[in-house]
Amino acid sequence: MREPRSFLAPVWLRSWVRADEIWLTLLSAILGGVAALWVIGISTVTLMLHRWLYGVAYTPTGHLSGLDHLSVWRTVLALTLGGLAVGVFGVVAAVFVPRQPVDPIEANALHGGRMSLRDSLVVVGQTILSNGSGASIGLEAGFTQIGSACASWAGRAFRVRRDDLRVLVGAGAGAAIGAAFNAPVTGAFYAFELVIGSYTLASLPPVAAAALAGVGVAHVLHHNPMALPPLSIGPLDWNAGIGVVLISVLSALTAIAVMFSVTQVEKVFRRLPVPGWGRPALGGLAVSGLAVIHPSVLSSGHEAMRRVLSGDFTPRMAAGLLLLKAVASALSIGSGFRGGLFFASLYLGTLAGTVYTVFLTPLGVAPGSMVLAALVGMSAMAVAVIGSPMTMVCLALEMTGSAVFSGATFVAAIISLLTVRRLFGYSFATWRFHLRGESIRSAVDVGWIRSLDVRRMMRPVPRSLPLRTSVARAQKVLAPGSGQRVILLDDAGRYAGVLGIADLHLADGTRGQTLEMLAQHGGDVLTPLMNVREAIELFTQAEADALVVVDDVMSRKVVGLLTEQHALRRYAEELERSRRSLAGEESFPT
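An unreviewed UniProt entry lists the protein chain under the name Chloride channel protein, with Neokomagataea anthophila given as the organism. Taken verbatim from the UniProt record of the protein chain, the Subcellular location (unreviewed entry) comment is "Membrane".

Spelled out as structure tokens, the structure:
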């Protein structure tokens, strides 16, 4: 991704930000406020779209999921035409932005926090169209994408270091989540767990400042979409604790089923004889059929979640809505609508907790109240989807203000995380990376592994000889101590093997043998674009202490040599640097 050319901060200001963490924290706070403005703007536009598409008479506030009924023809047209708009928008955007947009987790894991602001605006547009038309997904993808992209742009404009840029990207995402939930601590832990991948004392001030600034701006502009009604949670005894564990396991299994269903639905839509831009329209039509049954399947489901916590839905009704919402979310994401599953997982979790409590009540291990069960299910489901336990613990505490319930959330988060890691292995975000062939399990910076390739580590080509050279002649040409190895080439000048000079002089040169009899590792080669980890694995497989680098495996033209010792040393140096970065040691003066 290119450096921003339209703006570079003055040299003196860049030097302040690079040299003093106080200025970096101030910059993070400003970016947190910007992220909050984006959150408010995106939310306002989507609510306006809801009112316009579904009719002010049905949804005067723009919130869809809390309604009991909607106009059938408006629902069908809104979702079908909205899906068509998403598809066409994607085709048009691909002309100007042909590459796949990089999200905050991938940016921090592979690209050192570098994100494209233009690519991110495309994601925002797709998210607004998707959620604005009523698709069963959340807005968090757009929130965190643009918040992180603005932070990345500003960080590159200030020429901050790679580690500081990663922190800024996390701060932008955390501020967006904090503003969306009116929960600064939740936003901060979202940044640490999901986007930065670690918590350090050095990263705490910028991330906390951004989250607080984001929530502050939201307060000033009276934006609080996640305000919950007063909740009566009830006591938490040992029997309720057993119920918490069981509900957590069942909710995690439900989340796994939803995440797996998304990929299966996506495969089905790809097999259909429909162009890519037409799939969201087909998915929207299918979702509209579910919305006709009950509107709570639409959008992220915040209003419907409030109704669950207020006791408006019976357990039987909750079971039906759980199935409808799960299918609607899978259809929305699988058909090509753009958005996230985090916000939707909160509503799915409250439904799951309500349903599973009914089965635990006859066993005498159900939680003390239906509200407690719903909140436990919400926490377990969300942790399974986003893979961030402390984020949900903080969200539950900030949403409910109940220290007693925070303990239940802690248990739910741990049980859910263990269940998903043991049975599925991925959160929803990292599962999507896995399907694309990326080996990313968190936002921990592993980009240096890809940038540290064989081309950067290899050394000049040592002396070479034709493969058919006699051993006696080679012993005369290469005196002992003249080097460590000699490269052997075939008649076409291609790599055919390597031979140690010490081994050469141990051979009997009186029998007329050629070097072909002594050649080693003729089939084991490195290529310049292999990363250091792949090179080390090849050294182990070949049981070699040095391997030749060829331009490609077809031409086999020798371009360099790499020793295992040198590769291991460089790998260890980068690992130590990464460890110091994670521990925050590089950010403090020594």
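Chemist: Is there a simple way to explain the overall build of the protein chain in this structure?
Modeler: A tally of regular secondary structure across the protein chain gives 24 helices and 6 strands. In terms of its C-alpha atoms, the protein chain occupies a principal-axis envelope of roughly 100 × 55 × 55 Å. Within the protein chain, residue pairs in contact and separated by at least 24 positions form 74% of the contacts whose partners lie at least 6 positions apart. Counting every atom, the protein chain has about 25300 Å² of accessible surface; 62% of that belongs to carbon and sulfur.

Chemist: Is there a simple way to explain the packing of helix 8 (residues 184–196) against helix 16 (residues 389–400) in this structure?
Modeler: Relative placement of two packed helices is described by the angle separating their axes and the distance separating the axes. Where helix 8 contacts helix 16, the axes come no closer than 8 Å and their chain directions differ by 175 degrees. As judged from the angle between their axes, helix 8 and helix 16 are roughly antiparallel. Each of Pro-184, Val-185, Thr-186, Phe-189, Tyr-190 and Glu-193 in helix 8 lies in contact with helix 16, whose residues at this interface are Pro-389, Met-390, Thr-391, Cys-394, Leu-395 and Glu-398. Taken together, the residues of the contact of helix 8 with helix 16 sort by class into 8 nonpolar, 2 polar and 2 charged.

Chemist: Help me understand a nonpolar patch on the surface in this model?
Modeler: Together, Trp-73, Leu-77, Leu-81, Leu-84, Val-88, Val-91, Val-92, Val-95, Phe-96 and Trp-277 line one region of the surface with nonpolar side chains, adding up to about 990 Å² of accessible area. When you line up the elements, Leu-84 lands in helix 3 (residues 72–96).

Chemist: What is the right way to read the sheet that holds strand 3 (residues 495–500) from this model?
Modeler: Each strand in a sheet pairs with its neighbour through backbone hydrogen bonds, running either in the same direction (parallel) or in the opposite one (antiparallel). Overall, mixed pairing links the 3 strands, which are arranged 1-2-3 in an open sheet. Looking along the sheet, the strands with just one partner apiece sit at the ends: strand 1 (464–466) and strand 3. Across the sheet, the axes of successive neighbouring strands diverge by a mean angle of 30 degrees, strand direction being ignored. Direction of pairing for strand 2 (residues 485–489) relative to strand 3: antiparallel, over a ladder of 5 bridges.

Chemist: I keep staring at the nonpolar core and nothing clicks. Help me out?
Modeler: Note that soluble globular proteins tend to have their nonpolar side chains buried in a common cluster. Core analysis: the biggest nonpolar cluster contains 117 residues, and Phe-181, Leu-298, Phe-342 and Leu-346 have the highest contact counts within it. Per element, the largest residue contribution to this core is 14 residues, and it comes from helix 15 (residues 370–386). Those residues within four positions of Leu-298 in sequence are excluded, and the remaining contacts are Tyr-54, Leu-64, Ser-65, Leu-70, Leu-79, Gly-134, Ala-135, Ser-136, Val-287, Ala-291 and Lys-325. One finds Leu-452, Val-532, Ile-536 and Leu-562 within the second-largest nonpolar core, a separate group that totals 16 residues.

Chemist: Got a minute to help me understand the pattern of salt bridges in this structure?
Modeler: One side chain can pair with another of opposite charge once the charged atoms of both are near each other. A complete count under the given rule lists 9 salt bridges for this structure. One salt bridge in this structure joins Glu-266 and Arg-270, with 3.6 Å as the shortest N-O distance. Of this pair, Glu-266 and Arg-270 both sit in helix 10 (residues 238–271), 4 residues apart, roughly one helical turn. Here Asp-312 makes a salt bridge to Arg-307, at a shortest N to O gap of 3.6 Å. For Asp-312, a relative accessible area of 44% gives the class partly exposed. For Arg-307, a relative accessible area of 16% gives the class buried.

Chemist: Would you mind going over the sheet that holds strand 5 (residues 546–550) with me for this structure?
Modeler: One open sheet holds the 3 strands; their spatial order is 4-5-6, and the pairing between them is mixed. A strand with exactly one partner marks an edge of an open sheet, and here the two such strands are strand 4 (525–526) and strand 6 (558–563). Taken together, the 5 bridges between strand 5 and strand 6 define a ladder with antiparallel strand orientation. Looking at the pairing, Ala-546 lines up with Thr-563 of strand 6.

Chemist: Just checking my understanding: could you explain helix 13 (residues 315–335) for this structure?
Modeler: Residue pairs three or four apart in sequence face the same way in an α-helix, which turns once every 3.6 residues. In this model helix 13 runs 30 Å from its N-terminal to its C-terminal C-alpha over 21 residues, within 8% of the 30 Å that 1.5 Å per residue would give. Of the residues flanking the end of helix 13, it is Gly-336, one or two places downstream, whose phi is positive at about 120 degrees.

Chemist: Help me out: how do you make sense of the pairing of strand 2 in this one?
Modeler: Where a strand is regular, its side chains alternate between the two sheet faces. Counting buried positions over the 5 residues of strand 2 gives 5, a clear majority of the element. Neither face of strand 2 is open: one carries Arg-485, Ile-487 and Leu-489, the other Val-486 and Leu-488, and all of them are buried. Of the crossover connections in this fold, the one passing from strand 1 over helix 21 (residues 471–477) to the parallel strand 2 is right-handed. Linkage of strand 2 to strand 3, two consecutive antiparallel strands, is achieved through a turn of 5 residues, within which Gly-493 is found at a positive phi near 80 degrees.

Chemist: Explanation requested: the packing of aromatic side chains in the structure shown.
Modeler: Two measures describe an aromatic ring pair: the distance that separates the ring centres and the angle between the ring planes. Within the structure shown, the criterion is met by 8 aromatic pairs. With a centroid separation of 5.0 Å and 80 degrees between ring planes, the pair formed by Phe-181 and Phe-343 is classed as edge-to-face. One end of the pair, Phe-181, is in helix 7 (residues 162–181); the other, Phe-343, is in helix 14 (residues 342–360), and 162 residues separate them in sequence. Look at Phe-181 and you get buried, because its relative accessible area is 4%. Ring centres of Phe-342 and Phe-343 lie 5.7 Å apart, and the angle between their planes is 55 degrees; this geometry places the pair in the tilted category.

Chemist: It is not clear to me how unusual backbone geometry should be interpreted in this structure. Could you clarify?
Modeler: Working note: non-glycine residues mostly have negative phi, and peptide bonds are mostly trans. The backbone of His-521 sits at a positive phi, close to 55 degrees, despite the residue not being glycine. When you line up the elements, His-521 lands in the loop between helix 22 (501–506) and strand 4. Within the chain, Glu-543 stands out as a residue other than glycine whose phi angle is a positive 55 degrees. By the element assignment, Glu-543 lies in the loop between helix 23 (532–542) and strand 5. Taking relative accessible area as the criterion, Glu-543 reaches 72% and is therefore assigned exposed.

Chemist: Teacher, can you tell me more about the side chain of Arg-166 here?
Modeler: Residue placement: Arg-166 occurs in helix 7. Arg-166 gets classed as buried once you look at its relative accessible area, which sits at 4%. Engagement of the side chain of Arg-166 in a polar contact is seen with the backbone oxygen of Ile-196, the distance being 3.0 Å.

Chemist: Could you clarify how one ought to interpret the environment of Leu-309 in this entry?
Modeler: Mapped onto the fold, Leu-309 is located in helix 12 (residues 302–309). Leu-309 gets classed as buried once you look at its relative accessible area, which sits at 4%. Between the C-alpha atom of Leu-309 and that of Ala-176, which follows or precedes it by 133 residues, the distance is 25 Å.

Reading the values: the criteria
Residues numbered from 1 in each chain as written. Predicted model: local features only at pLDDT ≥ 70, side-chain atom pairs only at ≥ 80, totals over all residues. Heavy atoms only, no water. UniProt positions renumbered as here; feature names shortened; annotations may be inferred. Helix = DSSP H or I, 4+ residues; strand = E, 2+ residues; numbered from the N terminus. Contact = heavy atoms within 4.5 Å. Areas by Shrake-Rupley, 256 points an atom, 1.4 Å probe, with all protein chains shown as cover. Axes fitted to C-alpha atoms, helices over the stretch in contact; angles between N-to-C directions. Parallel < 35°, antiparallel > 145°, perpendicular 65-115°, else oblique. Nonpolar A, V, L, I, M, F, W, Y, C, P; charged D, E, K, R; others polar. Patch = residues over 30% accessible without salt bridge, like charges linked within 9 Å, V, L, I, M, F, W, Y side chains within 5 Å. Salt bridge = Lys/Arg side-chain N within 4 Å of Asp/Glu carboxyl O. Pairing = 2+ DSSP bridges. Core = buried A, V, L, I, M, F, W, Y, C linked by side-chain atoms within 4.5 Å. Buried < 20%, exposed > 50% of the residue type's maximum accessible area, 1.4 Å probe, protein only. Expected span 1.5 Å × (residues − 1). Right-handed = clockwise from strand over helix to strand, strands pointing away. Phe/Tyr/Trp six-rings, centres within 6.5 Å; stacked < 30°, edge-to-face > 60°. Polar contact = N/O pair within 3.5 Å; in protein donor to acceptor, adjacent residues only side chain to side chain.

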